[in-house]
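Analysis of the macromolecular model
Residue strings, one per chain:
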Amino acid sequence: MPEWLEAGLWGLLAGSALLIGAVAGFFARVPRRVIASVMAFGAGVLLSAVSFELIAEAHEQGGLAPVTIGAAVGALAYTGANVLLARRGARHRKRSGDEQPSEQELPGSGSAIAVGALLDGVPESVVIGASLLAGGPVSLVTVIAVFLSNVPEGLSSAAGMRQAGRTRRYVFLLWTAIALVSGVAALAGYALLGGAPPEVLATITALAAGAILAMITDTMVPEAFEDAHLLVGLITVLGFLTAFALSHA
């Protein structure tokens, strides 16, 4: 199988967890405390992947300067885009309660939520594709970490969309499209970065890591804290240690 196609399929696999979570969140009446706990676990998994897979790898490839610049730019870019989307109704796109506005309350908020979901998923997928550029197998730890964190993201967001009165068609078309875009982003990460100098790869990896870290604190941690605040720290550490154990298996 061509490596560019393999990259796309790995990205699609990781992105498909969003659809799995969305189905569970839309049809099952999952208690908010359970959703918050799963979100905390997913946040811990991603924090570990950012630390030990992305930042550590970027530092090994290019040194401290590309890592610092890339992560800072990634966080700034994500935060800037997130602020704009929040003003259009996407601030609580991962919340499972009634925080999401309906289309009647805020016209255009559905589109903002869709763009916000893409903003959250693309950096993760790009680094999955880029992980194949070293000539070895894909970083399974990164794929597993993204998959595990995507399930609660889709679950929580779809539950919130249901509460806001969005239709089943809208919810599942949205998450199906994002899963497909995840595959395309992973493919692009491999195709566009092939042959790039190590410093460039390090900067791009760190940029994605900075964006993911900003996403965790902006959208995942608030949902986790809302209904599981007494246990959120413990559950997050469990997720962190799970991903750490996978990276050293």
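Look up: the structure comes first, before these words.
Residues numbered from 1 in each chain as written. Predicted model: local features only at pLDDT ≥ 70, side-chain atom pairs only at ≥ 80, totals over all residues. Heavy atoms only, no water.

Some points on the side chain of D120
With respect to the element layout, D120 can be found in helix 4 (residues 109–130). Reaching out from D120, the side chain makes a polar contact with the side chain of Y78 at a distance of 2.8 Å. Setting aside residues up to four positions removed in sequence, D120 forms contacts with Y78, R93, K94, E153 and M215. (Helix = DSSP H or I, 4+ residues; strand = E, 2+ residues; numbered from the N terminus. Polar contact = N/O pair within 3.5 Å; in protein donor to acceptor, adjacent residues only side chain to side chain. Contact = heavy atoms within 4.5 Å.)

Re the side chain of R166
Residue placement: R166 occurs in the loop between helix 5 (140–163) and helix 6 (168–193). Judged by relative accessible area, R166 falls into the buried class, the value being 9%. Within polar-contact distance, the side chain of R166 engages the backbone oxygen of P101 at 2.9 Å. Discounting residues that sit within four places of it in the chain, R166 has contacts with F26, Q100, P101, S102, E103, S109, G110, I113, M161 and V171. (Buried < 20%, exposed > 50% of the residue type's maximum accessible area, 1.4 Å probe, protein only.)

Digging into the packing of aromatic side chains
On inspection of all chains with the given rule, the structure shows five aromatic pairs. Measuring from ring centre to ring centre gives 5.7 Å for F52 and F240, while their planes differ by 65°; the resulting arrangement is edge-to-face. Of this pair, F52 sits in helix 2 (residues 32–62) while F240 sits in helix 8 (residues 232–247), and the two are 188 residues apart along the sequence. For F240, a relative accessible area of 24% puts it in the partly exposed group. (Phe/Tyr/Trp six-rings, centres within 6.5 Å; stacked < 30°, edge-to-face > 60°.)

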